[in-house]
Amino acid sequence: MNRFLSHATNRIDAKGRVSVPSMFRTVLARAAVDELYAWQDFVFPAVSMAGPDVLDRFERMIGSQDPFSPEANKMSLLIHGGGVFMKLDGEGRLLVTDFIRDFTGITDRVTFAGRGDHFQLWEPTAFEEMQSQARKERTAAS
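Nothing here was measured: the structure is a model prediction, and the numbers come from that model.

A. The packing of aromatic side chains, seen in detail. Applying the stated criterion to the full structure yields 12 aromatic pairs. Arranged with centres 5.4 Å apart and planes meeting at 90°, the rings of Trp39 and Phe58 form a pair that is edge-to-face. Of this pair, Trp39 sits in strand β3 (residues 36-40) while Phe58 sits in helix α2 (residues 52-63); the two residues are 19 residues apart in sequence, bridging distant segments of the chain.

B. Examining the nonpolar core more closely. Among the nonpolar cores identified, the biggest contains 21 residues, and Met49, Leu94, Ile100, Val110, Phe112, Phe119 and Leu121 are the most heavily contacted of them. Broken down by secondary-structure element, the contributors of at least two residues to this core are α1 (22-30), β3, β4 (47-50), α4 (98-104), β7 (109-114) and β8 (119-122). Here the element with the most residues in this core is α1; it accounts for 3 residues. Other than its neighbours up to four places away in sequence, Phe119 contacts Phe4, Phe24, Leu28, Leu36, Val47, Ser48, Met49, Phe112, Ala113 and Gly114. In terms of nonpolar packing, the next biggest core, distinct from the first, is built from 10 residues, Tyr37, Val54, Ile62 and Ile79 among them.

Cut-offs applied
Residues numbered from 1 in each chain as written. Predicted model: local features only at pLDDT ≥ 70, side-chain atom pairs only at ≥ 80, totals over all residues. Heavy atoms only, no water. Phe/Tyr/Trp six-rings, centres within 6.5 Å; stacked < 30°, edge-to-face > 60°. Helix = DSSP H or I, 4+ residues; strand = E, 2+ residues; numbered from the N terminus. Core = buried A, V, L, I, M, F, W, Y, C linked by side-chain atoms within 4.5 Å. Buried < 20%, exposed > 50% of the residue type's maximum accessible area, 1.4 Å probe, protein only. Contact = heavy atoms within 4.5 Å.

Laid out in structure tokens, this is it:
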């Protein structure tokens, strides 16, 4: 198991923490990830999370461009200005901070959605609606 697959919805506790699904914690443990890079998704109202290797990949993309180009500056604005490092506590819980809540609209529950090399945190209704829309668009394209 080396990919983030499936989805699960968990309730936020009174202290503002949510348990990361065990299947996602397993992927993180196998990759020896102890610090998560979290960024505001570029397309969806979700916060994406992965190991720091994803940030390294983004920075290599920026580094391959003229550092003064609008493209490199916009990408830096998104990945650096829209990103933070986070850690799970000893019980596999994540603190749902204002960084997450303000961007996603999450209140009392979080839907974790696997995206292969990373996972996302969604407001549950927004996730259900987006997944349904994507399925309809995919079916219509077939």
